[in-house]
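Examining the three-dimensional arrangement
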Amino acid sequence: MPENSSKNAAVAKFALIIVCLGSIIGPLGMASVNIAIPDLAADLQANAKMVSWLPTLFILSSVIFMLPAGKLADNYGRKRIYSYGLALNAFSSFMCGVGSSIEWILFWRFVQGAAASMIFGTGVAIITSVTPSYKRGAALGITAACIYVGLTIAPAVGGWLTELWGWRSVFFFQVPIVLALLLLIKMRLTGEWKNDEKTKYDWWGTGIFALFSATLVYGLSILPNNLGWGMLGLSAISLALFILHQSRSHRPLIRVQMFRESRVFSMSLTTSLLMYASNFPLVFLMSLYLQYVKGLSPSHAGQVLLVQAFSMAIMAPLSGKLADRFQPRLVATLGCVIVACGLLVLSFMNTATSVAYIASSLLLIGIGFGLFSTPNNNAIMGDARPQEVGVASASMNLARTIGNLLGMSLVNLMVHYYLGNAQFTPGQNPALIKTVEMALNMSLAFVVVACGISVLRGKSRAA
């Protein structure tokens, strides 16, 4: 037994290293692109509307494929799906780098989003599968910290690469890193984690959910057009059909009963959705604001944006340890309140606001988000059944990506309304400022609601 225990501990440790490396690479490739957007737009002559779809399509694809990735991981192996996701991410990144039109890049960003769902939809499930429950909070905290490390260095890396070798290098640089990680998994990570019995895959559920996601995003992007309202109506109907179908299916993508069985599980997911809806558009908008309005170089803008992610990376491991000792909701709620304070401070910025003021606000937001994320994740995974950790992990990441998608889709609507088909020029700065102002108010509203839900979720078994 001691030998088996030692072996299991070694596997758990190496699995954590692998997932952490993937957790750095994924956000690094995703967020560094935001800094390169102005140069990419100028080179490919892409207007504001087309540019705003770069992060949106990535998130849309992640949302569509997140639950299927979790289900496939439970059936065929979490390490296998994780590895396939890394390989697809490398290939789609390379294809983005060789693109000669904005349409080409948008297509491969969609593919890259599917790869991200395979990585993030299974990474936490692997950690949960190999880590004892009393160490789960700390392990999830380390994983979250690695995500924030990726987000931390992404703006700076994206800025430096763009200035030195152009925007295409932002896509190319991650390819050899991912290939090296795949080789490491092949050589060193032994074992596989999956359910003993395979369950039939729900293709109908996947199709209905994809229809819901696509019509939601497209509908929001063309409001107040009548077609936009029609798409939102179709989206609502699709969501209702998905829930009905999943509740009646013998082999659902996700048991909707999970949400009724655990108040902590459902309310923690709702809190996560709202918090990420408030945070994700910030990097995109602040990158544009700092470069177009404040006139900063890509590398300088990246260094300013680095502040928020750096503070997240520092706070995530600490909050993970706190979540192992105290009720996760208390730590998470404190984080929500701090994020709300940071957004309130940031909402007063204008064209004359100093870079130091903006950096201080982002620091406050980062501290709060670092306190929130790990305890909230611990609450979600702690209330899941052992045989459903893959689906629970996918649900957790789905809440995050739907939040990202909702926030970015609403920002898309604002960009389309205030900037339309115009290319970014100094003359468009007032419209850009108005877009940022509206987005910050939206984010603050989301966080205030999240604070209330976080308080009311109840005591978690993970505490």
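In short, a report on the structure.

What counts, and at which threshold
- Residues numbered from 1 in each chain as written.
- Predicted model: local features only at pLDDT ≥ 70, side-chain atom pairs only at ≥ 80, totals over all residues.
- Heavy atoms only, no water.
- Helix = DSSP H or I, 4+ residues; strand = E, 2+ residues; numbered from the N terminus.
- Buried < 20%, exposed > 50% of the residue type's maximum accessible area, 1.4 Å probe, protein only.
- Contact = heavy atoms within 4.5 Å.
- Areas by Shrake-Rupley, 256 points an atom, 1.4 Å probe, with all protein chains shown as cover.
- Expected span 1.5 Å × (residues − 1).
- Bend = angle between axes of the 7 residues up to and from the residue.
- Axes fitted to C-alpha atoms, helices over the stretch in contact; angles between N-to-C directions.
- Parallel < 35°, antiparallel > 145°, perpendicular 65-115°, else oblique.
- Left-handed = near helix turned anticlockwise from the far one by under 90°.
- Salt bridge = Lys/Arg side-chain N within 4 Å of Asp/Glu carboxyl O.
- 1 Å grid on protein atoms, 1.4 Å probe; cavity = no way out; pocket = protein on both sides within 12 Å on 5 of 7 lines; lining within 4 Å.
- Points joined across faces, edges and corners; volume = space filled by probe spheres on them.

1. Regarding the overall build of the protein
Scanning the protein for helices and strands turns up 16 helices and zero strands. Across the 463 residues that make up the protein, the buried fraction comes to 62%. Long-range pairs, those at least 24 residues apart, make up 85% of the contacts in the protein with a sequence separation of at least 6. Total accessible area computed for the protein in this model is approximately 18200 Å², and 66% of it derives from carbon and sulfur atoms.

2. Quick notes on helix α2 (residues 48-76)
Relative to the 42 Å expected for 29 residues at 1.5 Å per residue, α2 spans 42 Å between its end C-alpha atoms, a close match to the ideal helical length. Residue phenylalanine 65 marks the point of greatest curvature in α2, where the axis turns by about 40°; the proline proline 68 follows within four residues. Burial of α2 is extensive: 24 of the 29 residues sit out of reach of the surface. Glycine 77 sits one or two residues past α2 and shows a positive phi near 125°.

3. A few points about the packing of helix α11 (residues 263-293) against helix α13 (residues 328-346)
The contact between α11 and α13 brings their axes to 12 Å, and the two run at 30°. Regarding the angle of α11 to α13, the classification is roughly parallel. Pair α11 / α13 crosses with left-handed handedness. Side by side, α11 and α13 meet where Thr271, Met275 and Leu282 of the first sit next to Cys336, Val339, Leu343 and Leu346 of the second.

4. A few points about the pattern of salt bridges
If you walk through the whole model with that rule in mind, you get one salt bridge. Close ionic contact of glutamate 437 with lysine 434 constitutes a salt bridge, the shortest N to O distance being 3.8 Å. Residue glutamate 437 and its partner lysine 434 are both found in helix α16 (residues 429-456); the two are separated by three residues, about one turn of the helix. Given a relative accessible area of 35%, glutamate 437 falls into the partly exposed group. The class for lysine 434 is partly exposed, based on a relative accessible area of 32%.

5. Considering unusual backbone geometry
In this structure, glutamine 45 takes a positive phi of about 55° despite not being glycine. By secondary structure assignment, the location of glutamine 45 is in the loop between α1 (2-44) and α2.

6. A short note on empty space enclosed by the protein
Vacant regions in the atomic arrangement are exposed by a probe of water-molecule size rolled over the atoms. A complete count under the given rule lists two cavities of 30 Å³ or more for this structure. What the second largest cavity holds in volume is close to 70 Å³. Surrounding the second largest cavity, Ile25, Gly26, Gly29, Met30, Phe58, Asn89, Gln112, Ala116, Ile119, Phe120 and Gln174 form its lining. Of all elements in the fold, only α1 and α4 (102-130) reach the threshold of two or more residues within the lining of the second largest cavity.

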